[in-house]
Amino acid sequence: MSYATRRRLGNLALDVLTWVVLLVMLAPVLWLIASSLQTTGRLSSGAYDLLDPTFEAFSRMWSSVDFGKYFVNSLIICTAAAVIATGFAASAGYALARYRFRGAGAFGTALIGTQLIPGSMFLLPLFLGFIWLKQNTPIALLDTHIGMILVYTAFFTPLAIFFMRSFFQAIPRELEEAALVDGCTPFGAFWRVVLPNAAPGLLATFVYAFLFAWDELLFAAALTQSRAETIPIGIRNFVGNYSEEYAQLMAAGVVSTIPVLVAFFATQRWLVKGLTAGAVKG
Amino acid sequence: MSSTPVIVEVTDPEVRPQPDAEPPRGRRRWSGLSARRLPYALIAPALVFMVLIHLVPTGAGVVLSFKNLNTFTFSQLFDAPWIGFGNYDAILFEEANPLRSGFTTAAWNTVQYTALTVAGTLGGGLAIALLLHRKMRGQRLARTLMLTPWIVPSFVVAVVWQFMWQSDVGIINKILVDYTGILDHRPTWLLGPNSLWAIVIPSIWRGIPFAMLLFLAALQSMPDELHEAAAIDGAGPLRRFRYITLPLLRPLIAVQLLFGVIYSAYQFAIPYVMLGTNPGPDADLMMTLIVRQSFSNNLLGFGAAASVLLMLAMFVWVAVWYAAFRRDLQESR
């Protein structure tokens, strides 16, 4: 075998390997979808018939547990939290990207520091604090949308700030300089000139925060009881009470994955840029 | 990350003459903020939330760890009686206390879970990044689809893997036993010694795409000249990987190790959804233990003390990490 042939065969083998690895990585997702299209009877007897799909589970899952309620709660809480976090991140990220001010370093370190604290560390006091507020004041944060929105906003703001900062750093400085020469105030330059140019970054940051909020389980488990429960809690209740209803569980899994999947692939271009900004710069 | 001079001070004609003076009519407006004060106004909302939701409660959590907060004192909330180092004493030194053995088990499981998950995620991510870095047909499609597991929410990951791990009808045992005959008995995955693997493998699976994405970005930004020169000098692909690619990836590996370990040590969703509030002594992690003792058994003082110990363990990890990788960080700046 000549060198060229060997090389071509080697390349072909690696191509095939790549696609096989991809298939293995996608297999659990494909399995999730395939199982959601079966009946529970088939799944629990192990007699799958992939060629005979049924949407039965998708129509029944909404009544077994009140999945619609969880879904709406998740949408409200995660959208609101992601919007507010993106707003906070845009302003703080801009400050970190463009200004040198006393305390900037400490602020940045503190932001990373928040990621070091185990959730349970501030979950327990927040839980007790929410109960205290409920008993002693008219402020209702336990098991309310507002309470969850506040907590999630605080959670996902730190990483969103770094995300936004990298987008602002990619915007040429000349843009603001021109605005300032034209008589804009510093805030005006940020608000009217830089921010519109950072629209893709804002969208990507929103999706990023939304993805994480959608995934959050620990705080939702402790701080909601019946009214503000989100999808992961609904899924957990499902597992607890209807563990044998596999098809419906899988259907619920598919339904709760679709929003984030759509959001991710719609904004993938900018999202990936933000996620990898740190990796490229080192 | 070049240094950032304050351009505004030089170029803004309106603000420069009176950078700190109050506006004439005593009304401060957003648009009138000076370049010196603007950044503080810009970080203020994020700062307030950080203090209220992260810092103050964390301080309160440390306080709680010195309190005797359980079912009987729960109604007193923050006014529960002090107990000094009692919670820590129970966790660390009281041989006969079941809380201590539970803590030791969960701590050891967490160490194993974290080591396996981080190693698998980084190794798998790097391997797949190298595969996808090669030129091939359909490269873009493959790269995009490879990200899918990372988008699937972790509670869905737990649900689908729990179904796949089922001993009698799960697809994994079907493949291992019925279709290929690799094993001649059906292992139990969700209980007993295998259950740690039942949470490690899905965690790796979900973590790989993100690691892959970062490695791929770093590979793409590497200059080709080094590899070409080495190839001309006769270095094979393995040697080029070992002596060129790997050293260049060191800073990125360092950062991923740092956050990967922290993220894994705080894992909660996957074991909780897959195995329930009590995953059993083989798969109980720190977070599942803390949440179970705090919320199912109302031992909030214990939960707070265990959280403090977990946080301290992470501080130690950061210090160790910093000592090991300090030089890489300086080089990359």
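None of the values given here were measured: they were computed from a predicted structure.

Tallying secondary structure elements over chain A gives 13 helices and 0 strands in all. Ordered by position from N to C terminus, the α and β elements of chain A give α-α-α-α-α-α-α-α-α-α-α-α-α. Computed over its C-alpha atoms, the radius of gyration of chain A comes to 24 Å, more than 25% above the 19 Å expected for a compact globule of 282 residues. The principal-axis extents of the C-alpha atoms in chain A amount to approximately 80 × 70 × 35 Å.

The next subject is the overall build of chain B. Broken down by element type, chain B carries 14 helices and 0 strands. Reading the helices (α) and strands (β) of chain B from amino to carboxyl end gives α-α-α-α-α-α-α-α-α-α-α-α-α-α. The buried share of chain B, reckoned over its 333 residues, is 39%. Counted over contacts in chain B with a minimum sequence separation of 6, partners at least 24 positions apart contribute 64%.

So, on to the nonpolar core. Residues and elements named next belong to chain A. With 176 residues, the main nonpolar core has Ala81, Ala209 and Ala213 as its most contacted residues. The element best represented in this core is helix 4 (residues 67–98), accounting for 16 residues. When sequence neighbours within four positions are dropped, the list of residues in contact with Ala81 reads Ile149, Tyr152, Thr153, Phe156, Ala209 and Ala213.

Residue and element names in this part refer to chain A. Here Val193 lies in helix 9 (residues 186–197). With 18 C-beta atoms counted inside 10 Å, the residue Val193 sits in the partly exposed group. Taking C-alpha positions, Val193 is 44 Å from Gln225, a pair spaced 32 residues apart along the chain. Not counting chain neighbours up to four residues away, the residues in contact with Val193 comprise Leu175, Glu176, Ala179 and Cys184.

Here the focus is the interface of chain A and chain B. In this assembly, 84 residues from chain A lie in contact with 86 residues from chain B. In terms of residue count, the dominant contributor to the side of chain A that touches chain B is helix 13 (residues 246–281) of chain A (16 residues). For the side of chain A that touches chain B, the residue count by class is 55 nonpolar, 20 polar and 9 charged.

Turning our eyes to something else, we now look at the confidence of the model for chain A. This prediction gives chain A a mean pLDDT of 90; 98% of its residues lie at or above 70. Taken element by element, chain A is modelled with least confidence in helix 2 (residues 40–45) of chain A, mean pLDDT 80, and with most confidence in helix 4 of chain A, mean pLDDT 95.

What follows is about the packing of helix 4 (residues 98–133) of chain B against helix 9 (residues 195–220) of chain B. Residues and elements named next belong to chain B. Axis separation between helix 4 and helix 9 bottoms out at 6 Å; the angle between their running directions is 40°. Classified by the angle their axes make, helix 4 and helix 9 are oblique. Crossing hand, helix 4 versus helix 9: right-handed. For the contact of helix 4 with helix 9, the per-class residue count stands at 17 nonpolar, 10 polar and no charged.

Turning our eyes to something else, we now look at helix 9 of chain A. Residue and element names in this part refer to chain A. Over its 12 residues, helix 9 extends 16 Å from the first C-alpha to the last, a length consistent with the 16 Å expected when each residue adds 1.5 Å. Turning to helix 9, its buried residues are Pro186, Ala189, Phe190 and Val194. Seen from one end, helix 9 has its buried residues packed into an arc of 95°, which puts them on one side.

Two numbers describe how helix 4 of chain A lies on helix 7 (residues 145–169) of chain A: the axes approach to 5 Å, and their chain directions differ by 35°. Helix-helix and strand crossings are classified by hand; for helix 4 of chain A and helix 7 of chain A the assignment is right-handed.

On to the environment of Met148 of chain A. Mapped onto the fold, Met148 of chain A is located in helix 7. Apart from the residues lying within four places of it in its own chain, the contact partners of Met148 of chain A are Ile77, Ala220, Leu223, Thr224 and Ala228 of chain A.

This part covers helix 7 (residues 154–165) of chain B. Residue and element names in this part refer to chain B. The first and last C-alpha atoms of helix 7 sit 16 Å apart over 12 residues, in line with the 16 Å expected at 1.5 Å per residue. Within helix 7, 12 of the 12 residues are buried, leaving the element largely enclosed by the surrounding structure. Considered for burial, the residues of helix 7 that qualify are Ser154, Phe155, Val156, Val157, Ala158, Val159, Val160, Trp161, Gln162, Phe163, Met164 and Trp165.

Summarising the model, chain B shows a mean pLDDT of 86, and 89% of its residues fall at 70 or more. In this model residues 1–28 of chain B is a low-confidence stretch, pLDDT under 50, and it forms 32 contacts with partners more than four residues away in sequence or in other chains.

Parameters at a glance
- Residues numbered from 1 in each chain as written.
- Chains lettered and ligands numbered in written order.
- Predicted model: local features only at pLDDT ≥ 70, side-chain atom pairs only at ≥ 80, totals over all residues.
- Helix = DSSP H or I, 4+ residues; strand = E, 2+ residues; numbered from the N terminus.
- Rg over C-alpha atoms; globule rule 2.2 N^0.38 Å.
- Buried ≥ 20, exposed ≤ 12 C-beta atoms within 10 Å, placed from the backbone.
- Contact = placed C-beta atoms within 7 Å.
- Core = buried A, V, L, I, M, F, W, Y, C linked by C-beta atoms within 7 Å.
- Nonpolar A, V, L, I, M, F, W, Y, C, P; charged D, E, K, R; others polar.
- pLDDT = per-residue confidence, 0-100.
- Axes fitted to C-alpha atoms, helices over the stretch in contact; angles between N-to-C directions.
- Parallel < 35°, antiparallel > 145°, perpendicular 65-115°, else oblique.
- Left-handed = near helix turned anticlockwise from the far one by under 90°.
- Expected span 1.5 Å × (residues − 1).
- Arc of directions from axis to C-beta.

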